[in-house]
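# Breakdown of the fold
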Amino acid sequence: MTDILARDTAAIEATVRSAATGDGIAFARLVAEHHASMARVAFVICGDSEVTRDVVQVAWAIAWRRMRSLRDPAQVRAWLVAIAANEARQTIRRRRREKVVDISDAIAPAAGGDPLESLEVVDLQRALRRLKAEERSLLAMRFAAGLDSFEIAQQLGISASGVRSRLARLLDRLRAEMELEPEIER
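Now for a look at the structure at hand. (Residues numbered from 1 in each chain as written. Predicted model: local features only at pLDDT ≥ 70, side-chain atom pairs only at ≥ 80, totals over all residues. Heavy atoms only, no water.)

## Observations regarding the packing of aromatic side chains
Here is the rule we go by: Aromatic rings from Phe, Tyr and Trp, taking only the six-membered ring of Trp, are treated as a pair when their centres fall within 6.5 Å; an angle between ring planes under 30 degrees marks them as stacked, one over 60 as edge-to-face, and anything in between as tilted. Strands here mean DSSP runs of E at least two residues long; helices mean DSSP runs of H or I at least four residues long; both are numbered from the N terminus. To sort residues, take the accessible area from a 1.4 Å probe on protein chains only and compare it with the maximum for the residue type: under 20% means buried, over 50% means exposed, and anything in between is partly exposed. Two conditions define a charge sitting above a ring: the NZ of Lys or the CZ of Arg must be within 6 Å of the ring centre, and it must be within 35 degrees of the ring normal.
One pass over the full model with this rule turns up two aromatic pairs. Aromatic side chains F27 and W60 sit 5.4 Å apart centroid to centroid with 85° between the ring planes, which places their arrangement in the edge-to-face category. Placement of F27 in helix α2 (residues 24–46) and of W60 in helix α3 (residues 49–66) is noted, with a sequence separation of 33 residues between them. You'll find F27 and W60 in the same group, each marked buried. With centroids separated by 4.7 Å and ring planes inclined at 75°, the aromatic side chains of F27 and W64 adopt a geometry described as edge-to-face. Separated by 37 residues along the polypeptide, F27 in helix α2 and W64 in helix α3 bring together distant segments of the chain. Using a relative accessible area of 37% as the deciding quantity, one classes W64 as partly exposed. Cluster of aromatic residues (ring-pair linked, three or more members): F27, W60 and W64. For R142, the ring lying beneath its charged end belongs to F143, and the centroid distance is 5.5 Å.

The following block contains the structure:
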């Protein structure tokens, strides 16, 4: 098992080193492997699929230019996700300056099924929109990208316990805001 892990790590590091020297094929391998994680994180932060596509495209351009600055090639996934999260936050800040009225909730067609389920989704979307971009980024890195507290901490420059406590506070706030009560059997 350790031998397999060592070979995987060596392969990742070799791919990253090749991409850092300008190898387009190695970079394409990184894109194929990490694009979905970056897009999930960006979407959680932005909440819009078109903006997410733009954000991830810019994030890949940044990664291409800065590939040589990656200190630990084994951490490429966390590094790429952090770039996407940072670009998503910056995009949200830029767009916040623009006056846009969101009417998508008002014109969305009624979903089939239990109307209470769609209300819960709308409540969660609204609660997430009220969070700061940095807070959504933290949630996205943990739950959309699946990074652990150590990987997130390394990217944010804080301790793993600090990441865990911030996440716990955020989740408590979301629960309180949504007034989640235990499901009652029907």
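## Topic: the side chain of S137
Tracing the sequence through the fold places S137 in helix α7 (residues 133–144). For S137, a relative accessible area of 1% corresponds to the buried category.

## Brief notes about the side chain of T52
Stated formally: Contacts were defined at the residue level, with two residues in contact if any of their heavy atoms lie within 4.5 Å.
On the secondary structure map, T52 appears in helix α3. Discounting residues that sit within four places of it in the chain, T52 has contacts with A39, A42, F43 and C46.

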